Amino acid sequence: MALTWTHKDRGEIRVHENLEELSIDLVDYIAEISEASIKEHGAFCIVLSGGSLISFMGKLIEPPYDKIVDWAKWYVFWADERVVAKNHDDSNYKLAKDNLLSKVNVFPRHICSINDTVSAEEAATEYEFAIRQMVRSRTVAASDNSDSPRFDLILLGMGSDGHVASLFPNHPALEVKDDWVTFLTDSHKPPPERITFTLPVINSAANVVVVATGESKANAIHLAIDDLPLPDSSLSLSARLVHPSNGNLIWFMDKQAGSKLDRFKFSE
Ligand SMILES: O=C(O)[C@H](O)[C@@H](O)[C@H](O)[C@H](O)COP(=O)(O)O
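Structural notes, computed from the coordinates. Remember, predicted model here, so these are calculated numbers, not experimental data.

Definitions and cut-offs
- Sequence positions are assigned chain by chain, starting from 1 and proceeding in written order.
- pLDDT decides what is reported in this predicted model: residues at 70 or higher carry local features, side-chain atom pairs at 80 or more are listed and counted, and totals for whole chains, interfaces and linings draw on all residues regardless.
- As a rule here, side-chain values come from all non-hydrogen atoms in the structure, and water together with hydrogens is ignored.
- The pairing criterion for strands is at least two bridges between them, as found by DSSP.
- Strands are runs of DSSP state E lasting at least two residues, helices are runs of H or I lasting at least four, and both sets are numbered from the N terminus onward.
- Fitted lines through C-alpha atoms give the axes, limited to the stretch in contact for helices. The angle between two N-to-C directions lies from 0 to 180 degrees.
- Contacts: residue pairs with any heavy atoms within 4.5 Å of one another.
- Ring pairs shown here join Phe, Tyr and Trp side chains whose ring centres sit within 6.5 Å, with only the six-membered ring taken for Trp; geometry is labelled stacked below 30 degrees between planes, edge-to-face above 60, and tilted in between.
- Only protein chains enter the accessibility calculation, which uses a 1.4 Å probe. A residue is then buried if its area is under 20% of the maximum for its type, exposed if over 50%, and partly exposed in between.
- Lysine and arginine charges are scored as sitting over a ring when NZ or CZ, respectively, is within 6 Å of the ring centre and within 35 degrees of the ring normal.
- One less than the residue count of a helix, multiplied by 1.5 Å, gives the span that helix is expected to have.
- Directions are taken from the helix axis to each C-beta atom, and the arc is the one they span.
- The nonpolar core is taken to be a set of buried Ala, Val, Leu, Ile, Met, Phe, Trp, Tyr and Cys residues, with the residues joined through side-chain atoms within 4.5 Å.
- One heavy atom suffices: a residue is near a molecule or strand as soon as one of its heavy atoms comes within 4 Å of it.
- N or O atoms closer than or at 3.5 Å make up a polar contact, with two conditions inside protein: a donor-capable atom paired with an acceptor-capable one, and, for residues adjacent in sequence, both atoms drawn from side chains.
- Surface exposure here means Shrake-Rupley accessible area, sampled with a 1.4 Å probe, where a residue is shielded only by the protein chains that are shown.

1. Structural notes on the sheet that holds strand β8 (residues 153–157)
An order of β1-β2-β12-β11-β8-β3-β4 is seen for the seven strands of this open sheet, with the pairing classed as mixed. The sheet terminates laterally at β1 (3–7) and β4 (74–78), the two strands that pair on one side only. Across the sheet, the mean angle separating the axes of adjacent strands is 20° when strand polarity is ignored. Relative to β8, strand β3 (residues 44–48) is paired through two bridges, and the arrangement is parallel. Residue pairing across strands places Ile46 opposite Leu153, the latter belonging to β8. Set on the sheet, helix α7 (residues 218–225) makes contact with β1, β2 (11–16), β11 (207–212) and β12 (248–254); between it and β12 the angle comes to about 155°.

Set out below in structure tokens:
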């Protein structure tokens, strides 16, 4: 059983006993938001990330989800992408395509991935343009209170340095306010060239999920969630800046990632 609580301003926190339990809860949640979004506006606009997140979504291709999810209404995007060919092992698109999207009935034309034949800068511009067109045609909802899309669900992984999408701590990409998609050529983690959603886009979503597992994430989770007098170096801890202005935030983690949360320290 997951231990679940709501923090006064950091959203809902779900600490799972193990990865199996986490992945069952995560796919249940995705299926629930998919159904609710399709009921509400006829489509489900879901944003993926790379890393282990995709493996935690694996149960979506199994019964009952393979049959109950309305895949034809899914529109798929990425919170960040490495600027490499789509058949390269570093590609977040390839990871999701091989393990999820090729196994369910999402329409290829509903999969919005980057142009892999241009520079990082051009790929970011084109990706943002494509999303702006989809907001204009109302496939993707628009935010009521900012010039941003309102995705139904943004799924983020988190690195042990607290990065989410390709927004690395203390990187200037964290400051970008006017673009929906930005690019970097000096990623702290290889490969260096990437595109990423900016914080205003992440924080305008209807639902944002951060998935973090393993002991290596425990410190970043503590800094991102607990009420701390933050040391300077944590001021731009990317995961702490995830704060949907008019949406829900849920943290899915295992016991190891949650082990340094104040909640457990105080109950020892
Ligand atoms: O673009 C990348 O370099 C990765 O995709 C990265 O952002 C990943 O999502 C996190 O580091 C969490 O990864 P894990 O969940 O695999 O630890």
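2. Quick word on the packing of aromatic side chains
How two aromatic rings sit relative to each other is given by the distance of their centres and the angle of their planes. Counting across every chain of the model gives eight aromatic pairs. Taken together, a centroid distance of 5.4 Å and an interplanar angle of 20° make the contact between Phe151 and Phe197 stacked. Linking Phe151 in the loop between β7 (149–150) and β8 with Phe197 in strand β10 (residues 194–197), this pair joins segments that are 46 residues apart in sequence. By relative accessible area, Phe197 is classed as buried at 1%. Here the aromatic cluster, defined as three or more aromatic residues joined through ring pairs, consists of Phe77, Tyr127, Phe151 and Phe197. The cationic tip of Lys86 hangs over the ring face of Tyr93; the distance from NZ or CZ to the ring centre is 5.5 Å. Across from the ring centre of Trp5, 4.3 Å away, lies the NZ or CZ of Arg263, which sits over that ring.

3. A few points about helix α5 (residues 120–136)
At 3.6 residues per turn, the α-helix brings residues three or four places apart onto the same side. Relative to the 24 Å expected for 17 residues at 1.5 Å per residue, α5 spans 24 Å between its end C-alpha atoms, a close match to the ideal helical length. Those residues of α5 lying buried are Ala120, Ala123, Ala124, Tyr127, Glu128, Ile131, Met134 and Val135. Taken down its axis, α5 places every buried residue within 130° of arc, on the same side. Seen from the buried face of α5, the exposed residues on the opposite side, beyond 90 degrees, are Thr125, Phe129 and Arg136. Where α5 terminates, the next one or two residues include Arg138, which has phi positive at roughly 65°.

4. Side note on the nonpolar core
Met57 and Phe77 are the most contacted members of the largest nonpolar core, which totals 88 residues. Excluding residues that lie within four positions of it along the chain, Met57 makes contacts with Leu26, Val27, Ile30, Ile46, Leu48, Leu100 and Leu155.

5. Overview of the site of the ligand
What surrounds the ligand is the set Gly50, Gly51, Ser52, Asp80, Arg82, Met158, Gly159, His163, Ala165, Lys189, Arg194 and Lys217. In the model, an oxygen atom of the ligand is placed 3.2 Å from a nitrogen or oxygen of the Lys189 side chain. Here Lys217 contributes a side-chain N or O atom positioned 2.6 Å from an oxygen atom of the ligand. Here the ligand has 420 Å² of accessible area as a free molecule, and 85% of this is covered by the chains.

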